[in-house]
Structures are given as C-alpha cells and as structure tokens.
Amino acid sequence: MTAPGQATPRPPAQVRIGLWGPPGSGKTTYLAALKLAALQTNLVGNWKMSGTDEASSEFLRDSTELLTKKGEFPPSTILGQNFLFQFIGERTVIPERTNRRFLGRQAPPEEPVIERDAFDLDVLDVPGVSYGTETTARTREDSRPIAAELSMDDDEPRPSGGDDAFRGAQSASTSEDQLLDHLQECQGIVFLFDPVRDATDGDAFDYFHPIMEKLTARMMQYDNAGPRLPHRVAVCVTKFDDEEVFRVARNRGYTVSGVERPYFPTVDNGRAKDFFMRLCQDNFTYSDLVYRGLTQYFYESRIEFFVTSSIGFYAPTGRFVLGDFANTVRADTGEMRIRGRVQPINVLEPLVWMHQNLRGTA
C-alpha cells in the first residue's frame, strides 16, 4: 500500500522496444531527436517522452539543448550506459454497443473513453568490437555502385552524429552478452541502417549477422520457440537529410512532397523497403544479405521499413527549397554543425507503429 503523500510507482509499460544499430549509425542523434519529434508530430496519441531515471532524463535534457541551442550533434560517448525512456500517450476506446434499455427505449450509446497508453524504449549501446568484427573503410575503387551514387569521401566527418560508443569500456564478451540479453527481453527492435556509413565502410552485414546468429541460438533452445525470432522489427534508413542520400531517393523517384509546412519531402513507408534494397545493391559488399537476414531470422509480416532523418532539412523560411536544403554546415574546426531548426522526419513513427502492432491495434 502506498503511504499518504508517497508517489505511486509508475505502472509497467505493456511494450518494451529496443534500439539497435552498428557504431556510427546515428543512435545518439536519433534518441536526442525523439523528444523534439514527440513535441512536433501530429501523430494520433498525444505522445510524451520522458526518462525513467535521472541518467535517462539528464540525457534528454543535455542532448536536446545541444541540438536546439548550440546546433551541435550529441557526442556518441553520452551513450555510456543503459537508458530507459517511457512514452505516455492516449487512445480512444469506443464502448461496445449493448441491448440495454432505459424507460422502454434503447439506451443511448456510452461516450468514448480516453485511456492511458504507454511503451518503453530500452537503449543499450556497446563497443563495435563486441560485434565480432573490425571496421575497415573501403577504397574508392571498391565503393560501387551505390557508393558512387552517394559519392562520399572516407575522410569526411559523418554529418548526422554517432560513432563508436564508450569503446573499450567493457570486455567484448561482457558487452555481447549484455546486448543479447537486451535484445532477448525486448518485444520489438528498431534497427538503424546508415547508408552513408555503408557506402564507405560496407560493414552492415558484419555487424548484423553474428548477433542474429547468437540471439537465435539462445531463443531457439526453448521447446515453445517458433521457427523464427518473435520480435517486431522497424528498419530505419537513417540520414535522409544527407544531400547524396536525398539525391538518390529523388532521382530514383522515391520521394513525395509534404502537404503541410514546411513541406518536407518524404519516402512513403510503402516504398521504404524498395529504397532500402536499392541502397544495398552493392556488388563489392554483402549489404544485400542484411535484408535476406532480416527475412530469414524474423517473420516478414512483422518487419516494416522507414526512411528517417533526425534533424530534417534546412528551411529558414518555413518551406523546403530544393536548391538549399542541407541542414549541416562545416565549422572552422572541421566538425559538422546543425545549420537551422531541427525538425525530425519519421523518427517517432517507427516506435508508434511497433507499439500498435504489438498491441494488435495497427
């Protein structure tokens, strides 16, 4: 029993979602942008984001200040521990019609009821070495054909933030066990795929498959295990704001114009899968096997694809302008800084889709 004046513990969320992606995929910036996305979105549900402990709340506070006040990307070293965030929303429940009568007449239908809704986002970052591979950047000659379309320079800083987190803080075996425990306990996984990194390093396959193999071996040892992993998976193609990534999407006809200010173009979720597969068509890597692995390890009906941007496009007049949309600029120090207002694209949507899918309301 709760004593008078004592706060009631928060009820457990019904859905726990994990965030996963290789080093450099933009996890830190994605998390930092989620708070802003929750405030700016028109998604049904009136979602609010908060940290469940002091460390998680401090991360939100500090990273949001970096994005909005200083125009800086949060350093990846912020993700030095396990963070847990709760999303509180609301859903409208329509009572079932009954045959109840009042004074000999059919009783009027009951008013819709607004109920609390919630899910948790559980974040654990680990050193890249725990994935069982070492990152080796490809040469320009090997970066074909997608890297040629993206025309990225291996020496250039990656604009959307995030790099290897707390490297060397733990042994590889300990970190890997923690990651496997983390993914095993989650009902859904948000997997971040960074096309900019993949165009230069081509190591998405190397990070993905070893973990999937070990997670499958763990979960298949139970008698009630199915033939594939039970998770729902939201695959997020990150850094849509990058000039070259956007150019590939537009030139290949994947983009549609926004209908509300600031009229940002997007890739419809119905075509996000095709765009992802297009980016993976590189004869010099095994990136295409990431998709094959997704459908091998998980049920295809439980996978959805999204094209996202944590910072959005540059739009100082409140409108997207094709000739001047890059929202990053190089500072005198050589670091990439955020040029204008941060307006995330499709960042909260993957989480809400997964939550609704797991609840059976999608």
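Each remark here, short or long, concerns the structure printed above.
Presented here is a report on the structure given in the accompanying data block. Throughout this description, residue numbers start from 1 for each chain and increase along the sequence as written. Only residues with pLDDT of at least 70 are given local features in this predicted model, and only at 80 or more are side-chain atom pairs given and counted; all residues enter the totals for whole chains, interfaces and linings. Working from all heavy atoms in the structure, the side-chain values ignore hydrogens and water.

1. Some thoughts on the sheet that holds strand β7 (residues 188–193)
The condition that has to hold: Strands are treated as partners if at least two bridges between them are detected by DSSP. Runs of E in the DSSP output that reach at least two residues are strands. Runs of H or I that reach at least four are helices, and both are numbered from the N terminus. Here an angle of 0 to 180 degrees is reported between the N-to-C directions of two axes, which are lines fitted to C-alpha atoms, with helices fitted over the stretch in contact. Residue contacts follow a heavy-atom distance rule, with two residues in contact if any of their heavy atoms lie within 4.5 Å.
Strand order in the open sheet made by the 7 strands is β2-β3-β6-β1-β7-β8-β11, with mixed pairing throughout. Looking at which strands have only one partner, the edges of the open sheet turn out to be β2 (48–51) and β11 (303–307). For this sheet, the mean angle separating the axes of adjacent strands, direction not counted, is 25°. As paired elements, strand β8 (residues 232–237) and β11 share 5 bridges and run parallel to each other. Pairing of Val235 across the sheet is with Phe305, part of β11. Against the sheet, helix α1 (residues 27–40) contacts β1 (16–20), β2, β3 (83–93), β6 (113–123) and β7, and its axis sits at roughly 140° relative to β1. On top of the sheet, helix α2 (residues 54–70) reaches β2 and β3; it is set at about 80° to β3, its chief contact.

2. Considerations on the nonpolar core
Put simply, the test is: Put simply, buried Ala, Val, Leu, Ile, Met, Phe, Trp, Tyr and Cys residues joined by side-chain atoms within 4.5 Å make one nonpolar core. Only protein chains enter the calculation, and the probe is 1.4 Å; a residue is then buried if its accessible area is under 20% of its type maximum, exposed if over 50%, and partly exposed in between.
Formed by 44 residues in total, the largest nonpolar core has its most connected members in Trp20, Met212, Phe275, Phe276, Leu294 and Phe298. Breaking this core down by element, the ones donating at least two residues are α4 (172–185), β7, α6 (204–219), β8, α7 (243–251), α8 (269–279), α9 (288–297) and β11. Looking at this core, the element that brings in the most residues is α6, giving 6 residues. When neighbours within four sequence positions are excluded, Met212 is seen to be in contact with Trp20, Leu229, Tyr297 and Phe298. By size, the runner-up hydrophobic cluster in this structure holds 29 residues, among which are Leu19, Trp47, Leu60 and Val190.

3. A few points about α6
What counts is decided by this rule: One less than the residue count of a helix, multiplied by 1.5 Å, gives the span that helix is expected to have.
Taking 1.5 Å of rise per residue, the 16 residues of α6 would be expected to cover 22 Å, and the 23 Å separating its terminal C-alpha atoms lies within 8% of that figure. Those residues of α6 not exposed but buried are Ala204, Tyr207, Phe208, His209, Ile211, Met212, Leu215, Thr216 and Met219.

4. As for the packing of aromatic side chains
Under the convention used in this document: Think of it this way: a Phe, Tyr or Trp ring, Trp meaning its six-membered ring, pairs with another when their centres are within 6.5 Å, and the plane angle makes it stacked under 30 degrees, edge-to-face over 60, tilted otherwise.
Throughout the structure, instances matching the rule amount to 24 aromatic pairs. Pairing Phe83 with Phe85 gives two aromatic rings, centres 6.1 Å apart and planes at 55°, and the pair type is tilted. A relative accessible area of 3% places Phe83 in the buried class. Here Phe246 and Phe313 contribute two aromatic rings whose centre-to-centre distance is 5.4 Å and whose plane-to-plane angle is 70°, an arrangement assigned as edge-to-face. A residue pair is termed long-range when its members are at least 10 positions apart, and Phe246 in helix α7 and Phe313 in the loop between β11 and β12 (328–330) qualify at 67 residues. On the basis of relative accessibility, which here comes to 3%, the residue Phe246 falls in the buried class.

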